[in-house]
Amino acid sequence: MVQKDFEDDNISGEEYNEYGDGDDDLEQRSDDDHIEQRSDNGDDLEQRSDDDHIEQRSDNGDDLEQRSDDDHIEQRSDNEQQNDNDDDLEQRSNNEEGDTNMISTSSENETESDYIMSLESDEEYETMSSDNEERHDSDISEEKLFVDEALAKDKLPSYDGDFAPYFQNLTTAALFCWIYKHNISTNAYEDLVDIIMRPEFNRDHIMAYQLSISDIIWNVLNNPSLLKEMYFGAGVDSKTKSEYWHGTLWAESPLFGQEQLMISGEIYQCGDFVYYYDNERKLGRLRAILLNEENQQYRLRIQKVLDYSDLPGTFKGELRQNRSLSGEVWLQDEPFLTITTSQISEKVAADTLRITEILYKHHTHWRIRDATFSYQHPSEYISIRQPPSPTIPVYKLFLDIYYDDFGTFRNVYHSLGGVYVQFGNMPARQRKLLKNHFVLGFVPFGGNFNEFMLPFISEMKEFEQGKLMEVNGQDAWVIAGLGVVTADLPQGNDMCGVLRHNANKGCRTCTASRESLTNFSQDVPATSRYHHITDDQFKEIFNEPATTRQRRLCTEFGLRTRPSILDRLLRERHLQTPQDVYHATAGKIGRLLKLTYVTTKSFNKVFDFPRCELFYKKERTSYQSLKNLRNQKMVSFAKSN
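- As annotated in an unreviewed UniProt entry, the protein chain carries the name BAH domain-containing protein and comes from Rhizophagus clarus.

1. Considerations on the packing of helix α4 (residues 213-221) against helix α10 (residues 454-465)
Now for step 1: Following both chains from N to C, one finds α4 and α10 inclined at 50 degrees, their axes separated by 9 Å at the closest point. Judged on the interaxial angle alone, α10 and α4 are oblique. Within the contact between the two elements, α4 uses Ile213, Ser214 and Ile217 and α10 uses Phe456, Glu459, Met460 and Phe463.
Now for step 2: Here the residues of the contact of α4 with α10 are counted per class, giving 5 nonpolar, 1 polar and 1 charged.

2. Description of the packing of helix α13 (residues 531-543) against helix α14 (residues 547-557)
Now for step 1: At a minimum axis separation of 9 Å, α13 and α14 run at an interaxial angle of 160 degrees. As judged from the angle between their axes, α13 and α14 are roughly antiparallel. Note on packing geometry: the crossing formed by α13 with α14 is right-handed. On the side of α13, the interface is formed by Gln537, Glu540, Ile541 and Phe542, while α14 contributes Gln550, Leu553, Cys554 and Phe557.
Now for step 2: Residues that form the contact of α13 with α14 fall into these classes: 5 nonpolar, 2 polar and 1 charged.

3. Some thoughts on the confidence of the model for the protein chain
Now for step 1: Averaged over the protein chain, the pLDDT score is 75; the fraction of residues at 70 or greater is 66%.
Now for step 2: Counted against residues more than four places away or in other chains, residues 1-129, with its pLDDT under 50, gives 183 contacts.
Now for step 3: Counted against residues more than four places away or in other chains, residues 140-144, with its pLDDT under 50, gives 3 contacts.

4. Side note on the nonpolar core
Now for step 1: Formed by 39 residues in total, the largest nonpolar core has its most connected members in Ile213, Ile217, Leu397, Val419, Phe423, Met453 and Phe456.
Now for step 2: Among the elements that line this core, the one with the most residues is strand β19 (residues 474-487), at 6 residues.
Now for step 3: Aside from chain neighbours lying at most four places away, what touches Phe456 is Gln210, Ile213, Ile401, Leu440 and Leu569.
Now for step 4: Core analysis: the second largest hydrophobic core is formed by 13 residues, Trp250, Phe256, Ile382 and Val484 among them.

5. Some remarks on α10
Now for step 1: In this model α10 runs 18 Å from its N-terminal to its C-terminal C-alpha over 12 residues, within 8% of the 16 Å that 1.5 Å per residue would give.
Now for step 2: Taken as a whole, α10 has its buried residues at Phe456, Ile457, Glu459, Met460, Phe463 and Glu464.
Now for step 3: Those residues of α10 hidden inside the fold are in contact with α4, β15 (394-407), β17 (438-443), β18 (467-471) and β19.
Now for step 4: Of the residues flanking the end of α10, it is Gly466, one or two places downstream, whose phi is positive at about 105 degrees.

6. Thoughts on the pairing of β19
Now for step 1: In terms of burial, β19 is a largely internal element, 12 of the 14 residues being buried.
Now for step 2: Pairing geometry for β15 and β19, over 10 bridges, is parallel. By the bridge assignment, Leu397 is partnered in β19 with Ala480.
Now for step 3: Two strands pair when backbone bridges link them, and β18 and β19 are joined in this way by 5 bridges, in the antiparallel orientation.

7. Quick word on the pattern of salt bridges
Now for step 1: One pass over the full model with this rule turns up 20 salt bridges.
Now for step 2: One salt bridge connects Glu380 with Arg285, and the closest N-O pair in it is separated by 3.0 Å. Taken together, the residues Glu380 in the loop between β14 (365-370) and β15 and Arg285 in strand β8 (residues 281-292) connect sequence positions 95 residues apart.
Now for step 3: Salt-bridge contacts for Asp535 lead to Arg573; the nearest nitrogen and oxygen are separated by 2.8 Å.

8. Some points on the packing of aromatic side chains
Now for step 1: All chains considered together, the criterion is met by 15 aromatic pairs.
Now for step 2: Relative to Tyr395, the ring of Phe232 has its centre 5.0 Å away and its plane inclined at 75 degrees; by these criteria the two rings are edge-to-face. With Phe232 in the loop between α5 (224-227) and β4 (235-237) and Tyr395 in strand β15, the pair connects residues that are 163 residues apart, well separated along the chain.
Now for step 3: Look at Phe232 and you get partly exposed, because its relative accessible area is 24%.
Now for step 4: On the accessibility criterion, Tyr395 (14% relative accessible area) is buried.
Now for step 5: Aromatic ring contacts, followed pair by pair, group Tyr231, Tyr244, Trp245, Trp250, Phe256 and Phe398 into a single cluster.
Now for step 6: The ring of Tyr308 carries the charged tip of Lys316 above its face, separated from the ring centre by 6.0 Å.
Now for step 7: One residue, Arg369, lies across the ring of Tyr360, its end atom 4.8 Å from the ring centre.

9. Observations regarding the sheet that holds β15
Now for step 1: An order of β17-β16-β15-β19-β18 is seen for the 5 strands of this open sheet, with the pairing classed as mixed. Edge positions in the sheet fall to β17 and β18, since each of these pairs with one other strand and no more. Between one strand and the next, the sheet's axes are offset by a mean angle of 40 degrees, whatever the strand orientation.
Now for step 2: Contacting β15, β16 (415-423), β17, β18 and β19, α4 crosses the sheet at an angle of about 40 degrees to β18.
Now for step 3: Of the strands in this sheet, β15, β17, β18 and β19 are in contact with α10, which crosses β19 at around 125 degrees.

10. Describing α14
Now for step 1: Those residues of α14 not exposed but buried are Gln550, Leu553, Cys554 and Phe557. Seen end-on, α14 carries its buried residues on one side only, within an arc spanning 105 degrees. With respect to the buried face of α14, the exposed residues turned more than 90 degrees away are Thr548, Arg551 and Thr555.
Now for step 2: In this structure, the buried side of α14 is in contact with α13.

11. Overview of the side chain of His532
Now for step 1: Its place among the elements puts His532 in helix α13.
Now for step 2: Looking at His532, the relative accessible area reads 18%, which means it is buried.
Now for step 3: Here the side chain of His532 touches Thr372 through a polar contact of 2.7 Å, landing on its backbone oxygen.
Now for step 4: Among all residues touching His532, those that are not within four sequence positions of it are Thr372, Ser374 and Gln376.

12. Remarks on unusual backbone geometry
Excluding glycine, most residues fall at negative phi; most peptide bonds, likewise, are trans.
Now for step 1: The linkage connecting Glu334 with the following residue, Pro335, adopts the cis geometry, with an omega of 10 degrees.
Now for step 2: Within the secondary structure, Pro335 is located in the loop between β10 (328-332) and β11 (337-340).
Now for step 3: Phi angles above zero are rare outside glycine, and Asn279 is one such case at about 70 degrees.
Now for step 4: Positionally, Asn279 belongs in the loop between β7 (273-277) and β8.

Procedures and definitions
- Residues numbered from 1 in each chain as written.
- Predicted model: local features only at pLDDT ≥ 70, side-chain atom pairs only at ≥ 80, totals over all residues.
- Heavy atoms only, no water.
- Axes fitted to C-alpha atoms, helices over the stretch in contact; angles between N-to-C directions.
- Helix = DSSP H or I, 4+ residues; strand = E, 2+ residues; numbered from the N terminus.
- Parallel < 35°, antiparallel > 145°, perpendicular 65-115°, else oblique.
- Contact = heavy atoms within 4.5 Å.
- Nonpolar A, V, L, I, M, F, W, Y, C, P; charged D, E, K, R; others polar.
- Left-handed = near helix turned anticlockwise from the far one by under 90°.
- pLDDT = per-residue confidence, 0-100.
- Core = buried A, V, L, I, M, F, W, Y, C linked by side-chain atoms within 4.5 Å.
- Buried < 20%, exposed > 50% of the residue type's maximum accessible area, 1.4 Å probe, protein only.
- Expected span 1.5 Å × (residues − 1).
- Pairing = 2+ DSSP bridges.
- Salt bridge = Lys/Arg side-chain N within 4 Å of Asp/Glu carboxyl O.
- Phe/Tyr/Trp six-rings, centres within 6.5 Å; stacked < 30°, edge-to-face > 60°.
- Lys NZ or Arg CZ within 6 Å of the ring centre and 35° of its normal.
- Arc of directions from axis to C-beta.
- Polar contact = N/O pair within 3.5 Å; in protein donor to acceptor, adjacent residues only side chain to side chain.

Pasting the structure below:
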């Protein structure tokens, strides 16, 4: 390290010279005994002393200024005689003798005054001179400071460990990064330390703004007025789809519906391949176990499985025929069949079948797609534990998570993210009541949704496998799963791991590009997003070491770099995060009503229909012509506005 030091005695104080405006300045300086006198046109007189620090100024012979740091007296006179000053005497005369006497008298008086004032201002001058020297010394030192070598090892901190040599442990390193990353002020840090150092502080209470889903479930199940309104059982085969248990997800998922049924002494589970009778013995897949809404009898939903002989003629060929000889069959997409339990013949071992293609209809035409482009049956990725006793009551809960940001007060910029829970087991008339919306917690402004949901995820993992709880005084087996995630467009995409809607592939349901979203003839099954395919794409992005390549893959797939934390639960991310109908239509409907009202009101002012009706009646014009004219006027008015 090279550094040049400057001593105080090597730098002298700065002298400030001030000059008059014209040719009439006269300056006098005195250093202890030395006095310098200057005269210019004989009109101005200025005296300066480094020890006395006295300044006298005269402008065009009219002004005389004296300054003293202790008295701070300033005297000036404009266009007046200088003989008003008791300390300074100047006399002017036309004869030479008068001038000589004047100069002599003035010099004696000024010398005596200078001596007295120098005693008063000597201490102040020394202080100012010292300050100037220190400031000048500091400026020069900063400019001349150069470092051209590393610090010596003996001057470095002697820390050992993973964070050496700069930090002693993880705590100091993490706090340092946190302070400088978020620009934490000293006062804010001191307040935080004061809170942590209090004996009442408990770190387990930090997440107090989040409620436990276990507590919510326990309180709901132990509320008799709510429990009697809730539905627990198999999916219902209903002509009118108005409840969650009327849907496909409830009926097919082991988390919500009935996953198995005993028929003729044999247990059939959802997802099994079976033989059934429909005029003849056929092969199919058991999709769901249902209850008929009218007679409460069991019904079975069957997906057709086709042999080579059942394929349309356009898809028959030598290649598929040879594959059929080795046991390959073809799945047929919707619509599915609904049969009774008496039509079931027997089960078929799944390992004896080979399925690689799916037959489906697109715009009344048959097509075939790869079997990977299909939603997996919930039985393929969900397995639950059976209750510890066959006599114990079982409660399966369908949870609907709602997430949206809202302003805390009017137009305040900072917003909160509200996370709410509804139970799909309640009928629609109960779900719409405000008292049946349960607050899970609030994500603070700038907070991380994934971190906030960690406690919820850990609790839900237990409920997915089954948990023993006390319900109304007796033990019960409670199973809960994430059924639906409701959110608006941006938050919904975030919870699916899909890029926002302004991206090229910003739809969380399909992979269609932004330009083709309005194309009604596109093949939806071929362009839909599927959970297992998205998982493979996330793995490809994660395994790519180069950041640039990762971003390119994210753009290509329309995905984020990491999946949502909700994907740790058993769900189909794309099916169970549907588009929210209210967010999609409410704003548009409000705008439509506003435009309709304003347009109609403005039109009535521009085109007075009753007067025109009277006019056309006088002209013997038909009323239909009048209506046509009115419609034409409305169309032209709407186009112009």
